Amino acid sequence: MHPSVALLQQIGFAVLLVALVVWVAGLLRLMRRERDEAPAGGGAKELLDSVPRQTGPAGPPSESVQLSEAEREAFAGLVRQLTSRS
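Now for a quick tour of the structure. Remember, predicted model here, so these are calculated numbers, not experimental data. Residue numbers run consecutively from 1 along every chain, following the written order of its sequence. Confidence filtering applies because this is a predicted model: local features only for residues at pLDDT of at least 70, side-chain atom pairs given and counted only at 80 or more, and all residues used for totals across whole chains, interfaces and linings. In computing side-chain values, all of the structure's heavy atoms are included and hydrogens and water are not.

A short note on helix 1 (residues 7–37)
Part 1: Between its first and last C-alpha atoms helix 1 spans 45 Å; for 31 residues at 1.5 Å apiece the expected length is 45 Å, and the two agree.
Part 2: Helix 1 sits mainly on the outside: zero of its 31 residues count as buried. Strands are runs of DSSP state E lasting at least two residues, helices are runs of H or I lasting at least four, and both sets are numbered from the N terminus onward. In this scheme, a helix's expected span is set at 1.5 Å multiplied by one less than its residue total. In this scheme, a residue with accessible area under 20% of its type's maximum is buried, one over 50% is exposed, and one in between is partly exposed, where area comes from a 1.4 Å probe on protein chains only.

Encoded structure:
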């Protein structure tokens, strides 16, 4: 025990140290549980299959917008600018 360090500071440090150890132990336990419960392969495919399709007969109709000639040219110019910077 250092005489220059107050007792309250030592108690605070001990409390913070215990909280840190408890937090790390909880985090490791949570990570281990997630790893053990993770599906063995095909998890991403199952996740994608659970999302309903947005097109087709069951989905909303496709949308399209008719552009004027000036708008088409402006869009083409914008695409040229963006691709020339790459």
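Focus: a nonpolar patch on the surface
Part 1: Residues F13, L17, L20, V21, W23, V24, L27, L28, L30 and M31 make up a contiguous nonpolar surface patch of roughly 990 Å² in combined accessible area.
Part 2: For V21, the position within the fold is in helix 1. Residues enter patches when their relative accessible area tops 30% and they take part in no salt bridge; the joining distance is 9 Å for like charges and 5 Å for the nonpolar side chains Val, Leu, Ile, Met, Phe, Trp and Tyr. Calculation of accessible area relied on Shrake-Rupley with a 1.4 Å probe; when residues are assessed, cover is drawn exclusively from the protein chains displayed. Within this document, salt bridges are pairs made up of a side-chain nitrogen of Lys or Arg and a carboxyl oxygen of Asp or Glu, the two lying within 4 Å of each other.

So, the pattern of salt bridges
Part 1: The final tally for this structure, using the stated rule, is two salt bridges.
Part 2: In this structure, R72 and E69 form a salt bridge, with 3.0 Å as the shortest nitrogen-oxygen distance. Of the two residues, R72 and E69 both sit in helix 3 (residues 69–84), three residues apart, roughly one turn of that helix.
Part 3: R72 gets classed as partly exposed once you look at its relative accessible area, which sits at 40%.

Everything listed is a geometric property; what it means functionally is a separate question.
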